[in-house]
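Chain residues, written in single-letter form:
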Amino acid sequence: MADGDHAAFGRHLAEDAVFFGGAKVHRGRAAVLAAWKGYDGTEAPFSWEPDQVEVLASGQLALSTGPVRDLKGAVVARFNSIWMRSPEGRWLVMFDKGSSPDPTAK
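A brief look at the structure comes next. It should be emphasised that the depicted structure is a prediction, and the values quoted were computed from it without experimental measurement.

1. Here's the deal with the overall build of the chain
Looking only at helices and strands, the chain has two helices and seven strands in total. Secondary structure elements of the chain occur, N-terminal to C-terminal, as α-β-β-α-β-β-β-β-β. Counting over 106 residues, the chain shows a buried share of 30%. Nonlocal contacts in the chain, meaning residues at least 24 apart in sequence, comprise 34% of its contacts between residues at least 6 apart. By element, 57% of the accessible surface of the chain is carried by carbon and sulfur atoms, the whole surface being about 6,800 Å².

2. Things to note about the side chain of Ser81
By the secondary structure assignment, Ser81 is in strand β6 (residues 75-85). Side chain to side chain, Ser81 and Asp96 meet in a polar contact 2.5 Å long.

3. Let's talk about helix α2 (residues 29-36)
Looking at α2, one finds that the buried residues are Val32, Leu33 and Trp36. Mapping the buried residues of α2 onto a view down its axis gives an arc of 95 degrees, with all of them on the same face. Opposite the packed face of α2, turned more than 90 degrees from it, sit the exposed residues Ala30 and Ala34. In this structure, the buried residues of α2 make contact with α1 (6-10), β1 (13-21), β2 (24-27) and β3 (46-48).

4. Regarding the pairing of strand β5 (residues 61-70)
Of the pairings in the sheet, the one linking β3 to β5 comprises three bridges and is antiparallel in character. Of the residues in β5, the one forming a bridge with Phe46 is Asp70. Pairing between strand β4 (residues 52-55) and β5: four bridges, direction antiparallel. Across the sheet, the residue bridging to Glu54 is Leu63, located in β5. As consecutive antiparallel partners, β4 and β5 are separated by five residues, and within that stretch Gly59 has a phi angle of approximately 75 degrees, a positive value. Both β5 and β6 contribute to a ladder of nine bridges, which runs antiparallel. Considered in β6, the bridge of Leu61 is made with Met84. Hairpin connection of β5 to β6: four residues between the antiparallel strands, including Gly73 at a positive phi of 95 degrees.

5. With respect to a nonpolar patch on the surface
A cluster of nonpolar side chains, Phe20, Val25, Leu56, Leu61, Leu63, Ile82 and Phe95, forms an exposed patch at the surface whose accessible area comes to about 530 Å². Within the secondary structure, Leu63 is located in strand β5. A residue is classified by how much of its surface remains accessible, and Leu63, at 32% relative accessible area, is partly exposed.

Criteria and thresholds
Residues numbered from 1 in each chain as written. Predicted model: local features only at pLDDT ≥ 70, side-chain atom pairs only at ≥ 80, totals over all residues. Heavy atoms only, no water. Helix = DSSP H or I, 4+ residues; strand = E, 2+ residues; numbered from the N terminus. Buried < 20%, exposed > 50% of the residue type's maximum accessible area, 1.4 Å probe, protein only. Contact = heavy atoms within 4.5 Å. Areas by Shrake-Rupley, 256 points an atom, 1.4 Å probe, with all protein chains shown as cover. Polar contact = N/O pair within 3.5 Å; in protein donor to acceptor, adjacent residues only side chain to side chain. Arc of directions from axis to C-beta. Pairing = 2+ DSSP bridges. Patch = residues over 30% accessible without salt bridge, like charges linked within 9 Å, V, L, I, M, F, W, Y side chains within 5 Å. Salt bridge = Lys/Arg side-chain N within 4 Å of Asp/Glu carboxyl O.

What follows is the structure, encoded as structure tokens:
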């Protein structure tokens, strides 16, 4: 998303991904992509990067979490994503949900 590449974003989503967006729940890759279509080819008004990643010993599921920042760099939320390793070995987002920012985030 940092590059405004909507197609690349979609390649990281599981077919049956679930994204929570405020009061709405977007179910399936197509619904998530439709909800995020407004960021295609544009600079997103936010950025994010993980500050913690945990992977199950099986290597099949992972959690990534970290701050979401506005264009000025202020922390405005926290993202939480659950990833699954596909049979081909690619990591795909299954669930994504934001939360209030961590009060200890800098």
